[in-house]
Amino acid sequence: MSANRPKNFDKTLKLLLVGDSGVGKSCLLLRFVDDKFNPSFITTIGIDFKIKTIEINGLKIKLQVWDTAGQERFRTITTAYYRGATGIIIVFDVCDENSFESVKKWFQTVQQHAKDDAQLFLVGNKCDDSESRQVSTKQGELLAQELGLPFLESSAKSGINVNEVFYKLTELILERGGDDLQAPGVNDKVNVAANNANANAGGCC
Amino acid sequence: MLMDHWVKGSINNQYASVDTQTLIESWWNASQESWKILNEDLALLNFNGLEIAKQLTLIESKMFCSIKAEELLNQNFTTKKLHLNLSPNIQRSVLFTNLLSDYVIESILQPKLNVKQRVHALKCWLKVAISCLYLRNFNSLASIMTSLQSFLISRIAKIWDDLPQKYKDLFHYLSSIIHPEKNYHVYRSKLKEYLDSNLDEDLDIPIVPYLSLFLQDLTFVVDGNPNYRTNTKSFLEQRLINIDKYFKITRIISDLQSLQVAYKDIGELGNVYNNARTDLVRSTTIKKLKSQVGDVDNDMTFADMFDIHGVPCLQELILLEVWKVKQVNAKEEDRSWKLSCQIQPRDE
């Protein structure tokens, strides 16, 4: 890898959104990246993750956000996405109790498939809809406490806390990560191949 | 094992071949039940890899070709709508994908194997996977390869250390085909070739695409686009139907439909599946391919694209075997993770 190549960012982080289908993962992602809800979005060949560069503490961080939307039921297939993710957001829908109950299952899957130092984050989405709410903020907080995860409620629809989730997560990663975060994502192909080649790496890259 | 509970009519202690469709239905029904499995030995890898791939392809193709357009509409295939049973054929395909993946993992991690046997199982799956690629069965290819790349297996150093370089290269090659990088760029461009040949050149070559990606694309288009948009050109601020969204949905579904070409089963029960259309499509396509390539003497190469020798008893075994792993996994929560940790404890 060419270390001297000039970059317009200081670090690259790979983030991943998981959670039951229909909790609004792709909306959250689209809202964050495009900063407007429901742009005419085209699934273009060649773009599998959305990229947004943000600035934190004077550092330019390039975020690659991956989404498993629509593939939730393919259990093994989606775990391929977990490789090399430095931050994982588990999303549930506050208007859907089932999706809240699934959080523990997702947490377990993440623990088994992601690298040990990946930073997790719990998000209760659709908090703007107080009429159909089934999961209270308190319940969300309690679960987050139990699992030891940071927690926020967001609304992709109104934009509440969308940026906060991604900024907060990035800050947490930077705090705990130090300087060794650069490698993954700079060139994912090399990263994955290397990961496979010495699979004894035990999930860290 | 399941006796006449499995397939009605094949009793009297005599084996009778059953067609794929009936097998799939029996397998689906048996999968909804809970059984206690005493014999946990897995038998599939005793067979030739290409042969397994051929039968996998016939099973998967049958499932894929049965998918109806309405199953793909309105997110009918999502977990939320499962109880409405609006997507029966997608559900069968999803279940098969998951069970095949679980089977691959179980066959490598199952207890009582030594490292050599685990490496052998890994090699066998690579052979099955490359045969699937040869047969254009991308769905089985994805199920196998994502399982092999799963952390449950990739974390076990011993297995990979003992894998010969030749197989490591094969593993990397096969992993690169259906890889999420750049929105599955490698796979999508391959798929596009087949789509173009089906749509533009009127060549209908049977393939089994990676179904999961169609579902993901549909989800993004449905979730990411509004149903209505406001008419900015008019002062009345009427709502207009966002027709672009529905064009996109239609496009994805019609792509899927244009890929629903059946393989020709030249096996024992071939006459059960091959209808006049299969034959017509096959002969037209082969004729066109010949005229494109010019004068060729071996039309076998082209016929090979269509013809698979179906072996009903092996298909039956495949369905029974993956079903068995489902039962074993249902009995013990997180079985594969535990197995993986037994072979190599977590902090090693």
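Residues numbered from 1 in each chain as written. Chains lettered and ligands numbered in written order. Predicted model: local features only at pLDDT ≥ 70, side-chain atom pairs only at ≥ 80, totals over all residues. Heavy atoms only, no water.

1. A few points about the overall build of chain B
What counts is decided by this rule: The helix and strand labels rest on DSSP assignments: H or I over at least four residues marks a helix, E over at least two residues marks a strand, and numbering proceeds from the N terminus. Based on C-alpha atoms, the radius of gyration is set beside the globule rule, defined as 2.2 Å times the residue count to the power 0.38. Here the term buried applies to any residue with accessible area under 20% of the maximum for its type, exposed to any over 50%, and partly exposed to those in between, with areas from a 1.4 Å probe on protein chains only. By the convention used here, residues are in contact when the closest approach between their heavy atoms is within 4.5 Å. Only the protein chains shown count as cover for residues, and the accessible areas themselves come from Shrake-Rupley with a 1.4 Å probe. Under this rule, positive means Lys or Arg and negative means Asp or Glu; His and the chain ends count for nothing. Charge positions come from single atoms, namely NZ of Lys, CZ of Arg, CG of Asp or CD of Glu.
Along the backbone of chain B there are 17 helices and 4 strands. Over its C-alpha trace chain B gives a radius of gyration of 22 Å, about what one expects of a compact globule, namely 20 Å for 348 residues. Dimensions along the principal axes, computed over C-alpha positions, put chain B at roughly 75 × 55 × 45 Å. The buried share of chain B, taken over its 348 residues, is 55%. The long-range share in chain B, meaning contacts at least 24 apart out of those at least 6 apart in sequence, stands at 75%. As presented, chain B carries roughly 16,100 Å² of accessible surface, and 53% of it is formed by carbon and sulfur atoms. Averaging the positions of the 40 positive and the 42 negative side-chain charges in chain B gives two centres separated by 3 Å.

2. Let's talk about the sheet that holds strand S5 (residues 119-125) of chain A
Residues and elements named next belong to chain A. For the record, the criterion: Here the rule is simple: two strands pair whenever DSSP picks up at least two bridges between them. Throughout, an axis means a line fitted to C-alpha atoms (over the contacting stretch in the case of helices), and angles, computed between N-to-C directions, take values from 0 to 180 degrees.
Taken in spatial order, the 6 strands make up an open sheet running S2-S3-S1-S4-S5-S6, and their pairing is mixed. Each edge of the open sheet carries a strand with a single partner, namely strand S2 (50-56) and strand S6 (151-153). Each strand axis lies, on average, 25° off the axis of its neighbour in the sheet, ignoring direction. Where strand S1 (residues 11-18) meets strand S3 (residues 59-67), 7 bridges bridge the pair, whose relative direction is parallel. Across the sheet, the residue bridging to Leu 13 is Leu 63, located in S3. Running over the sheet, helix H5 (residues 137-147) touches strand S4 (87-93), S5 and S6 and is turned about 160° from S6. Along the sheet, helix H6 (residues 162-177) contacts S1, S2, S3, S4, S5 and S6; its crossing angle with S5, the most-contacted strand, is approximately 165°.

3. Topic: the pairing of S2 of chain A
Residue and element names in this part refer to chain A. Where S2 meets S3, 7 bridges bridge the pair, whose relative direction is antiparallel. Paired with Ile 56 across the two strands is Leu 59, which belongs to S3. Count of turn residues in the S2/S3 antiparallel hairpin: 2 residues, of which Asn 57 carries a positive phi of about 50°.

4. Digging into the nonpolar core
Basically, it comes down to this: Buried residues of nine kinds, namely Ala, Val, Leu, Ile, Met, Phe, Trp, Tyr and Cys, make up a nonpolar core once their side-chain atoms join them within 4.5 Å.
Formed by 120 residues in total, the largest nonpolar core has its most connected members in Trp 27, Phe 96, Ile 108, Trp 125, Phe 138, Leu 141 and Leu 148 of chain B. Here this core gets 11 residues from one element, more than from any other, and that element is helix H4 (residues 88-109) of chain B. Leu 29, Val 65, Val 165 and Leu 174 of chain A belong to the second-largest nonpolar core, a separate cluster that totals 26 residues.

5. As for a nonpolar patch on the surface
Residues and elements named next belong to chain B. Threshold: Patches here are clusters of residues that have more than 30% relative accessible area and form no salt bridge, with a 9 Å joining cutoff for like charges and a 5 Å cutoff for nonpolar side chains (Val, Leu, Ile, Met, Phe, Trp, Tyr). One speaks of a salt bridge when a side-chain nitrogen belonging to Lys or Arg is within 4 Å of a carboxyl oxygen belonging to Asp or Glu.
A cluster of nonpolar side chains, namely Tyr 228, Ile 241, Ile 243, Tyr 246 and Phe 247, defines an oily patch on the protein surface of about 520 Å² accessible area. At 3 residues, the largest contribution of residues to the nonpolar patch is made by helix H12 (residues 243-258). Considering the arrangement of structural elements, one finds Ile 243 in helix H12.

6. So, the packing of aromatic side chains
As a reminder of what qualifies: Aromatic rings from Phe, Tyr and Trp, taking only the six-membered ring of Trp, are treated as a pair when their centres fall within 6.5 Å; an angle between ring planes under 30 degrees marks them as stacked, one over 60 as edge-to-face, and anything in between as tilted.
Applying the stated rule across the entire model yields 11 aromatic pairs over all chains. Measuring from ring centre to ring centre gives 3.9 Å for Phe 32 of chain A and Phe 166 of chain A, while their planes differ by 10°; the resulting arrangement is stacked. Of this pair, Phe 32 of chain A sits in helix H1 (residues 25-34) while Phe 166 of chain A sits in helix H6, placing them 134 residues apart in sequence. Taken together, a centroid distance of 5.7 Å and an interplanar angle of 75° make the contact between Trp 35 of chain B and Trp 323 of chain B edge-to-face. Here Trp 35 of chain B is found in the loop between helix H1 (20-31) and helix H2 (49-66), whereas its partner Trp 323 of chain B is found in helix H16 (residues 312-331), with 288 residues between them in sequence. Owing to a relative accessible area of 28%, Trp 35 of chain B belongs among the partly exposed residues under this scheme. Exposure remark for Trp 323 of chain B: the relative accessible area of 0% places this residue in the buried category.

7. Quick look at the pattern of salt bridges
Residue and element names in this part refer to chain B. Taken as a whole and assessed by the stated rule, the structure comprises 14 salt bridges over all chains. Measuring nitrogen to oxygen at the nearest pair gives 3.4 Å for the salt bridge that ties Arg 335 to Glu 40. Of this pair, Arg 335 sits in helix H17 (residues 335-343) while Glu 40 sits in the loop between H1 and H2, and the two are 295 residues apart along the sequence. For Arg 335, a relative accessible area of 6% corresponds to the buried category. The class for Glu 40 is partly exposed, based on a relative accessible area of 27%.

8. Section: H5 of chain A
Because each turn of an α-helix spans 3.6 residues, side chains separated by three or four positions end up pointing in the same direction. Residues and elements named next belong to chain A. Stated formally: Working definition: the arc comes from the directions between the helix axis and the C-beta atoms, pointing outward to the latter.
Turning to H5, its buried residues are Gly 140, Leu 143, Ala 144 and Leu 147. Within H5, the buried residues cover an arc of 100° as seen down the axis, which keeps them to one side. Exposed side chains of H5 directed beyond 90 degrees from the buried face belong to Lys 138, Gln 145 and Glu 146. Gly 148 sits one or two residues past H5 and shows a positive phi near 70°.

9. Description of the confidence of the model for chain B
Residue and element names in this part refer to chain B. Put simply, the rule is: The pLDDT score gives, residue by residue, the confidence of the prediction method on a 0 to 100 scale.
Chain-level pLDDT for chain B is 86 on average; 92% of the residues reach the 70-or-more range. Helix H5 (residues 115-134) holds the highest mean pLDDT among the elements of chain B, 96, whereas helix H13 (residues 270-273) holds the lowest, 67. In the model output, the complex is listed with pTM 0.83 alongside ipTM 0.71.

10. Description of the packing of H2 of chain B against H16 of chain B
All names here are of chain B. How we decide: Roughly parallel refers to an angle under 35 degrees, roughly antiparallel to one over 145, roughly perpendicular to one between 65 and 115, and oblique to any angle outside these ranges. Here the term charged refers only to Asp, Glu, Lys and Arg, the term nonpolar to Ala, Val, Leu, Ile, Met, Phe, Trp, Tyr, Cys and Pro, and the term polar to all other amino acids, Gly among them.
Interaxial distance between H2 and H16 falls to 9 Å at its minimum, and their mutual angle equals 80°. Considered as vectors, H2 and H16 are oriented roughly perpendicular to each other. Contacts between H2 and H16 involve Glu 51, Ile 52, Gln 55, Leu 56, Leu 58 and Ile 59 from the former and Leu 314, Gln 315, Ile 318 and Leu 319 from the latter. Split into classes, the residues belonging to the contact of H2 with H16 amount to 7 nonpolar, 2 polar and 1 charged.

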